[in-house]
Amino acid sequence: MKKAIVTAIGLAVLTLPAIAEVTVKDSWVRGTTPAQKATGAFMEITSSESAVLLSASSPVAGVVEIHTMKMEDGVMKMRAMPKLELPAGKGVKLAPGGNHVMLMDLKQQLKKGDVVPITLKVEGKDKQVQTIEIKAEVRDLGAPATMDHGHKH
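Residues numbered from 1 in each chain as written. Predicted model: local features only at pLDDT ≥ 70, side-chain atom pairs only at ≥ 80, totals over all residues. Heavy atoms only, no water.

Colleague: Explanation requested: the environment of T33 in the structure shown.
Modeller: Mapped onto the elements, T33 comes out in the loop between β1 (22–30) and β2 (38–47). Judged by its relative accessible area of 31%, T33 is partly exposed. Linking T33 and Q109, residues 76 residues apart in sequence, is a C-alpha distance of 6.3 Å. If sequence neighbours within four positions are ignored, T33 has contacts with Q109 and L141. (Helix = DSSP H or I, 4+ residues; strand = E, 2+ residues; numbered from the N terminus. Buried < 20%, exposed > 50% of the residue type's maximum accessible area, 1.4 Å probe, protein only. Contact = heavy atoms within 4.5 Å.)

Colleague: Can you help me understand the pairing of strand β8 (residues 100–106) in this one?
Modeller: Sheet faces and side chains relate simply in a regular strand, where the side chains alternate between the two faces. Of all 7 residues that make up β8, 5 are buried, and the element is covered over most of its length. The pairing of β2 with β8 spans 4 bridges and is antiparallel. Bridge pairing in β8 places A41 opposite V101. The sheet contact formed by strand β4 (residues 61–72) and β8 spans 6 bridges and is antiparallel. Following the sheet pairing, V64 is matched in β8 by L103. (Pairing = 2+ DSSP bridges.)

Colleague: What exactly am I supposed to notice about unusual backbone geometry here?
Modeller: Peptide bonds are mostly trans, and most non-glycine residues show a negative phi. The residue D26 is not glycine, and still its phi comes out positive at about 55°. Mapped onto the fold, D26 is located in strand β1. By relative accessible area, D26 is classed as exposed at 52%. Phi at D73 is positive, roughly 55°, even though this residue is not glycine. Within the secondary structure, D73 is located in the loop between β4 and β5 (75–81).

Okay, here's the thing in structure tokens:
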């Protein structure tokens, strides 16, 4: 009898799904003016398995949402998204003018060189939720929408 229980437990462990490996790179936050109460956070998220970005939070903001920007009838509109799909093995860019993390009800001015902690909640296809802690560097208020990759102008 003991042998059967050990075997059943061993099999159960072997069939547990692996948690998706999620990596975040190039994370940054656009700096703010003293009176500004909102800004964007940008990054590239890659998951080894299909997953979903459920939410984000940060101690520097009262409200943090995943946003998308779309052109509708010639007007750029921004709205909150309940989640963001992360296809297996494909980097998903959160960038100015597109999907991004919106930091609202800011508790302080964000200045170039500051570091903003951001917590991401990602749900794998097995419905397991993992927490990813990142540190995003604050860039100049006038940081360009696209990165300058060292090209001389």
